[in-house]
Amino acid sequence: MSNEKTSIDQSNLFFVELNGLKIQVYDSSKRYSYQTPLTIIFLHGSPGQISNWKYQISYFEEKYRVVAYDQRGYGRSDKPIEVTLNDYLDDLTSLMNKLNISVEDAVLIGHSFGGMVAQAYARDHTIKGLVLIGSLIKIKPDMIDKIIWHLPPVFWRRLLFTENPLTRKVYRDLFFSPSTSDEIFQEFIKDNREYLESLPAHAFRYLKFFQDYDASNWLPEIKAPTLVIVGEDDKVTPKDESVKIHELLPNSRLVILERAGHLILYERAEELNKLVDEFIKKL
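A. Summary view of the pairing of strand β4 (residues 65-69). When you tally the buried positions in β4, you get 5 out of 5 residues, the bulk of the element. Burial along β4 is two-sided: the residues Arg65, Val67 and Tyr69 and Val66 and Ala68 are all buried. As paired strands, strand β2 (residues 21-27) and β4 are joined by 3 bridges and run antiparallel to one another. In the strand pairing of β4, Val25 is matched with Tyr69. Alignment of strand β3 (residues 39-43) against β4, held across 4 bridges, turns out to be parallel. The partner of Ile40 across the bridge, within β4, is Val66. Remark: the β3/helix α1 (residues 54-60)/β4 crossover connection has right-handed handedness.

Given below as structure tokens:
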């Protein structure tokens with residue numbers, strides 16, 4: 001895989017207004033035309049951005065219409081002080097309406113927090129397909145979450161979200177498999193360092209508004225064919241969560257990728273893309 005050649009085509013990026021906020025969107029149909037109405041919509045994690053999907057976008061946009069966007073509070077989109085699950089669901093509905101994407105033609109692919117949004121959307125809408133990568137049933141805050149949620153930024157901002165020896169070690173251990181090459185880790189840091197250092201402090205606290213989120217009661221209601229993927233070495237969204245999600249989803253398949261952590265999108269991009277491609281071809 002040639003890491004340096006893959007980047008987001010800036011000409012496909014633009015802003016739309018959704019529910020009073022300016023949201024940055026990537027839409028491959030600005031450059032390509034397609035024979036099929038099937039549209040893949042990528043939903044990044046927290047605190048992610050469109051570019052997290054660069055390997056998936058470059059792979060799929062030659063076959064299918066691909067839409068990715070900076071969810072409210074992230075990337076280059078507006079960053080309100082507070083957010084709710086309904087905000088994210090309403091944004092997705094509004095975006096699909098604005099871009100003329102039919103719910104029946106949509107394949108939602110969510111990573112981590114984006115998976116939580118995607119599965120909640122699939123509960124209420126008859127989408128074509130659903131892919132959950134390192135998703136969660138419920139948020140279980142760890143010590144770092146509690147520090148960020150409850151202490152002033154002066155105590156944690158520089159320590160946790162600027163590049164330094166501590167953050168490099170923490171990010172390496174937390175988000176990546178021990179088997180992942182340093183080259184891939186360095187690439188992720190390069191892609192996200194400036195963004196994380198510039199993100200306002202309140203954006204790191206959005207997940208505290210999701211403490212009541214619990215998908216265990218309604219996951220069985222999702223009818224869409226679903227592919228559940230998780231890294232064997234994922235410490236952020238451990239594989240046991242994905243096993244439970246798979247058990248609760250009536251129409252799902254589970255794949256546990258060896259030698260992968262939480263950042264499968266980077267770590268095992270080629271294998272991930274092939275798995276998703278095979279899944280979409282059968283829809």
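B. View of the environment of Gly261. Within the secondary structure, Gly261 sits in the loop between β8 (252-257) and α9 (264-267). Exposure remark for Gly261: the relative accessible area of 0% places this residue in the buried category. For the pair Gly261 and Asn273, spaced 12 residues apart in sequence, the C-alpha separation works out to 16 Å. Beyond its immediate sequence surroundings of up to four residues, Gly261 is in contact with Phe175, Phe176, Ser177, Gly231, Asp233, Asp234 and Glu267.

C. Inspection of empty space enclosed by the protein at higher detail. Considering all chains together, one arrives at 1 cavity of 30 Å³ or more under this definition. Approximately 90 Å³ is the volume attributed to the largest cavity. If you go around the largest cavity, the residues you meet are Phe161, Thr162, Glu163, Thr167, Arg168, Tyr171, Phe188, Ile189, Asn192, Arg193, Leu196 and Glu197. When contributions to the lining of the largest cavity are tallied by element, the ones reaching two or more residues are α6 (165-175) and α7 (182-198). The element that contributes the greatest number of residues to the lining of the largest cavity is α7, accounting for 6 residues.

D. Molecular detail of the side chain of Ser51. Topologically, Ser51 is positioned in the loop between β3 and α1. In contact with Ser51, not counting residues within four places along its chain, are Ile8 and Tyr266.

E. Region of interest: the nonpolar core. Val25 and Ile41 are the most contacted members of the largest nonpolar core, which has 68 residues in total. No other element matches helix α3 (residues 113-124), which puts 7 residues into this core. In this structure Val25 touches Asn12, Leu13, Phe14, Val16, Ile50, Val67, Ala68, Tyr69, Leu95 and Leu99, once residues within four positions along its chain are discounted.

F. The arrangement of the layout of surface pockets in detail. Empty space within the largest pocket amounts to approximately 950 Å³. Counting residues per element, the ones that place at least two in the lining of the largest pocket are α3, α4 (143-150), α5 (157-161), α6 and α7. For the lining of the largest pocket, the residue count by class is 25 nonpolar, 9 polar and 7 charged. Each pocket or cavity is described by its volume, and for the second largest pocket that value is around 550 Å³. Lining the second largest pocket are 21 residues, with Ile8, Gln10, Gln49, Ser51 and Asp191 positioned closest to its centre. Ranked by residue count, the leading element in the lining of the second largest pocket is α7, at 6 residues. Taken together, the residues of the lining of the second largest pocket sort by class into 4 nonpolar, 9 polar and 8 charged.

Thresholds, definitions, all that
Residues numbered from 1 in each chain as written. Predicted model: local features only at pLDDT ≥ 70, side-chain atom pairs only at ≥ 80, totals over all residues. Heavy atoms only, no water. Buried < 20%, exposed > 50% of the residue type's maximum accessible area, 1.4 Å probe, protein only. Helix = DSSP H or I, 4+ residues; strand = E, 2+ residues; numbered from the N terminus. Pairing = 2+ DSSP bridges. Right-handed = clockwise from strand over helix to strand, strands pointing away. Contact = heavy atoms within 4.5 Å. 1 Å grid on protein atoms, 1.4 Å probe; cavity = no way out; pocket = protein on both sides within 12 Å on 5 of 7 lines; lining within 4 Å. Points joined across faces, edges and corners; volume = space filled by probe spheres on them. Core = buried A, V, L, I, M, F, W, Y, C linked by side-chain atoms within 4.5 Å. Nonpolar A, V, L, I, M, F, W, Y, C, P; charged D, E, K, R; others polar.

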